[in-house]
Amino acid sequence: MRAWQVPSVPEVPGSAPRPVVHDTASGGPVDPTAGEERAALYVCGITPYDATHLGHAATYLAFDTLGRVWRDAGLEVEYAQNTTDVDDPLLERAARDGVDWRALAASQIDLFRRDMEALRVLPPDDFVAVTGEVERIAEAVAFLQETGYAYAVPTPDADGDDLYFDVQRPTEAWSLGDESGLDRDTMLALSAERGGDPERPGKRDALDPLLWRAARTGEPSWDSAVGPGRPGWHIECSVIAGDRLGLPISVQGGGSDLVFPHHEMSAGHAAALAHQPLAAAFVHTGMIAYQGEKISKSLGNLVTVRGLLDDGADPRAIRLALLSHKYSDDWEWFDTELTSATTRLATWDAWATGADAGHADDADDVAARIRARVADDLDTPGAVAAVDTAIAGGTAVTSDLVDLVDALLGIRLG
Ligand code: 5CA
Ligand code: ZN
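Worth saying up front: this structure is predicted, and the values here are computed from it rather than measured. (Residues numbered from 1 in each chain as written. Chains lettered and ligands numbered in written order. Predicted model: local features only at pLDDT ≥ 70, side-chain atom pairs only at ≥ 80, totals over all residues. Heavy atoms only, no water.)

### Topic: the environment of glutamate 76
Counted only if it meets this: Strands here mean DSSP runs of E at least two residues long; helices mean DSSP runs of H or I at least four residues long; both are numbered from the N terminus. Note on exposure labels: buried denotes an accessible area under 20% of the residue type's maximum, exposed denotes more than 50%, and partly exposed covers the range between, all computed with a 1.4 Å probe on protein chains only. In what follows, residue pairs with any heavy atoms lying within 4.5 Å of each other are defined as contacts.
Summarising the element assignment, glutamate 76 is placed in strand β4 (residues 76-83). Classification of glutamate 76 as partly exposed rests on a relative accessible area of 48%. Separated by 276 residues in sequence, glutamate 76 and alanine 352 place their C-alpha atoms 30 Å apart. The residues touching glutamate 76, leaving out its near neighbours within four places in the chain, are Glu37, Arg38 and Ala39.

### Things to note about the packing of helix α9 (residues 315-323) against helix α10 (residues 336-353)
Here is the rule we go by: Simply put, an axis is a line fit to the C-alpha atoms, just over the touching stretch for a helix, and the angle between two N-to-C directions goes from 0 to 180 degrees. Oblique is the label for every angle not falling under 35 degrees (roughly parallel), over 145 degrees (roughly antiparallel), or within 65 to 115 degrees (roughly perpendicular). Each residue is assigned to one of three groups, with Ala, Val, Leu, Ile, Met, Phe, Trp, Tyr, Cys and Pro labelled nonpolar, Asp, Glu, Lys and Arg labelled charged, and all others, Gly among them, labelled polar.
For the pair α9 and α10, the least separation of the axes is 8 Å and the interaxial angle reads 110°. Taken together, the axes of α9 and α10 lie roughly perpendicular to each other. Of the residues in α10, those touching α9 at Arg316, Ala317, Ile318, Leu320 and Ala321 are Glu337, Leu338, Ala341, Thr342, Arg344, Leu345, Trp348 and Asp349. Split into classes, the residues belonging to the contact of α9 with α10 amount to eight nonpolar, one polar and four charged.

### Some details on the side chain of aspartate 403
In this fold, aspartate 403 is placed in helix α13 (residues 399-409). Given a relative accessible area of 17%, aspartate 403 falls into the buried group. Apart from residues no more than four positions distant in its own chain, aspartate 403 is found in contact with Pro10, Val12 and Arg412.

### Points about the coordination of the zinc ion (ligand 2)
Each pair of donors in an ideal four-coordinate tetrahedral metal site encloses 109.5 degrees, whereas pairs in an ideal six-coordinate octahedral site enclose 90 or 180 degrees. What counts here: Here a donor is an N, O or S atom found within 2.8 Å of the metal, or within 3.2 Å if the metal is Na, K or Ca; sites may look incomplete because water is not among the atoms. Any site counts as irregular unless it has four donors with all angles between 85 and 135 degrees, making it tetrahedral, or four or six donors with opposite ones more than 155 degrees apart and the rest between 65 and 115, making it square planar or octahedral.
Looking at the zinc ion (ligand 2), one finds its protein donor set to be Cys44 (SG), Cys237 (SG) and His262 (NE2), positioned 2.1 to 2.3 Å from the metal centre. Between the four donor atoms coordinating the zinc ion (ligand 2), the angles at the centre fall across 104 to 118°, so the site counts as tetrahedral. Counting along the primary sequence, the residues that act as donors to the zinc ion (ligand 2) give the motif C-x192-C-x24-H. One end of the pair, cysteine 237, is in helix α6 (residues 233-245); the other, histidine 262, is in helix α7 (residues 259-274), with 25 residues separating them in the sequence. Assessed through its relative accessible area of 1%, cysteine 237 is described here as buried.

### Focus on a negative patch on the surface
Heads up, the rule is: The patches described consist of residues with a relative accessible area above 30% and no salt bridge, like charges being joined within 9 Å and nonpolar side chains (Val, Leu, Ile, Met, Phe, Trp, Tyr) within 5 Å. Where accessible areas are quoted, they stem from the Shrake-Rupley method and a 1.4 Å probe; at the residue level, only the protein chains shown are allowed to cover. Salt bridges, as used here, are contacts in which a Lys or Arg side-chain nitrogen is within 4 Å of a carboxyl oxygen on Asp or Glu. The sign given to each residue is positive for Lys and Arg and negative for Asp and Glu; His and the chain ends receive no count. Each charge is placed at NZ for Lys, CZ for Arg, CG for Asp and CD for Glu.
On the surface, Asp361, Asp362, Asp364, Asp365 and Asp400 cluster together into a patch of negative charge. Per-element tally for the negative patch: the top contributor is helix α11 (residues 361-375), with four residues. One can find aspartate 361 in helix α11.

### Focus: the site of ligand 1
Put simply, the rule reads: Residues are labelled near a given molecule or strand when at least one of their non-hydrogen atoms is within 4 Å of it. Within 3.5 Å is the distance limit for a polar contact, defined as a pair of N or O atoms, with the added protein rule that one can donate a hydrogen and the other accept it, and that residues adjacent in sequence qualify only through two side-chain atoms.
Close to ligand 1 lie 24 residues; Gly45, Thr59, Thr84, Asp257 and Lys297 are nearest. Between a nitrogen atom of ligand 1 and a main-chain N or O atom of isoleucine 288, the distance comes to 3.0 Å. Bound to the protein, ligand 1 loses 94% of the 600 Å² it would expose on its own. The set of elements that each furnish at least two residues to the shell around ligand 1 consists of α1 (54-72), α6 and β10 (249-255).

### Remarks on unusual backbone geometry
Backbone torsion omega between leucine 247 and proline 248 reads -10°, so that peptide bond is classified as cis. In this model, phenylalanine 260 is joined to proline 261 through a cis peptide bond whose omega is 0°. Structurally, proline 261 is set in helix α7. Phi is positive for histidine 275, close to 55°, though the residue is something other than glycine. Locating histidine 275 in the fold gives a position in the loop between α7 and β11 (279-285). Owing to a relative accessible area of 44%, histidine 275 belongs among the partly exposed residues under this scheme.

### Quick word on the sheet that holds strand β8 (residues 210-214)
What counts, and what does not: Here, any two strands with at least 2 DSSP bridges between them count as paired.
The four strands are arranged β6-β7-β8-β9 in an open sheet whose pairing can be described as antiparallel. Of all the strands in the sheet, the pair left with one neighbour each is β6 (150-153) and β9 (229-231). Neighbour-to-neighbour, the strand axes of the sheet open up by a mean angle of 20°, direction not taken into account. In this structure, strand β7 (residues 162-165) lies alongside β8, joined through two bridges in antiparallel fashion.

Here is the structure:
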């Protein structure tokens with residue numbers, strides 16, 4: 001599927017160190033590209049039923065930063081992102097509003113593209129709609145059935161049976177808890193909260209996730225290797241990541257609400273399919289709250305990128321406001337975030353206006369500092385502070401430094 005327009009990224013002399021990132025699975029810092037010249041990134045994409053809110057934007061900006069730092073470090077980056085364009089929340093919203101679910105998804109994907117363009121987020125090389133991959137996903141589910149990892153649960157109300165993944169069947173590269181490190185009670189609670197069905201009778205283990213949902217009347221379905229139906233959620237991302245990037249990938253990314261069950265189960269499926277770990281590192285962004293609660297389409301406390309832009313915000317200021325927080329922190333958006341970022345941006349713009357092509361040692365020091373900060377677990381607040389300090393200290397600005405801020409932070413000054 002078409003992604004979106006590629007923003008220009010200046011080439012800047014020098015390079016960033018290879019970034020280390022916090023890996024949820026090991027609980028520590030990891031260089032997910034150690035010994036390799038290529039970085040493969042998969043980031044879980046939107047479920048397109050409502051506008052891009054600041055939580056989504058912050059998540060995609062964090063991985064945009066990772067891609068930018070990898071490029072600056074001289075790595076070749078391959079990036080895939082899915083769109084969950086068939087899933088219960090999307091179908092429910094379409095039914096509620098009396099619109100066709102396909103039309104709803106298409107319109108929301110379009111809005112997402114526009115928001116990502118406005119924020120100058122580097123597009124994925126592969127932007128993959130789940131509805132285009134159903135056949136491939138069904139083949140993977142059929143393989144899991146043949147190899148004993150998938151089993152049927154009697155489903156009287158459907159055309160065929162739902163298929164589930166057996167979390168207790170050993171794989172070489174994964175066992176339950178490897179990615180999330182959570183205890184069973186927490187897993188059970190999160191499974192119920194985030195799309196799982198621990199109460200469903202007939203499963204081998206309450207935590208077993210759905211691989212294939214057999215066709216029900218009134219629901220979209222596809223004919224496939226495992227009969228008519230549609231894919232479960234986690235298998236989509238395992239199959240798309242493996243097909244498009246090859247396993248193991250360097251980083252599997254998304255918000256911390258995906259740690260369990262989504263990334264845990266995606267890792268389990270990948271291990272059962274390919275005898276490989278899904279990723280060298282699992283990287284998770286914190287949750288952004290607004291008015292005291294996690295921003296969420298289902299809660300409706302949305303601050304959208306589009307809304308801020310329509311109110312006249314400079315997209316660079318939205319970007320700067322989000323990058324001023326550490327990606328992995330949970331934090332709350334206040335309307336003053338944008339005011340402070342706008343003020344900071346005006347100071348940065350004024351500074352950049354004096355840029356010339358000459359060389360200055362202190363500008364080189366600032367560049368090294370910015371590069372070191374972003375390479376250290378994407379410390380964008382540290383990089384922002386480095387620019388602030390340079391300006392406050394009267395550092396002569398060079399065009400290379402302006403280019404570096406553009407290349408790494410995605411903000412074109414001046
Ligand atoms: N389609 C699935 C992933 S396969 C999904 O979670 N879609 S989503 O639209 O709900 O979220 C898209 C991305 O934004 C996910 O990575 C999710 O973790 C992240 N996200 C959602 N809400 C927030 C929030 N409040 N703060 C930060 N990130 C968020
Ligand atoms: Zn996903």
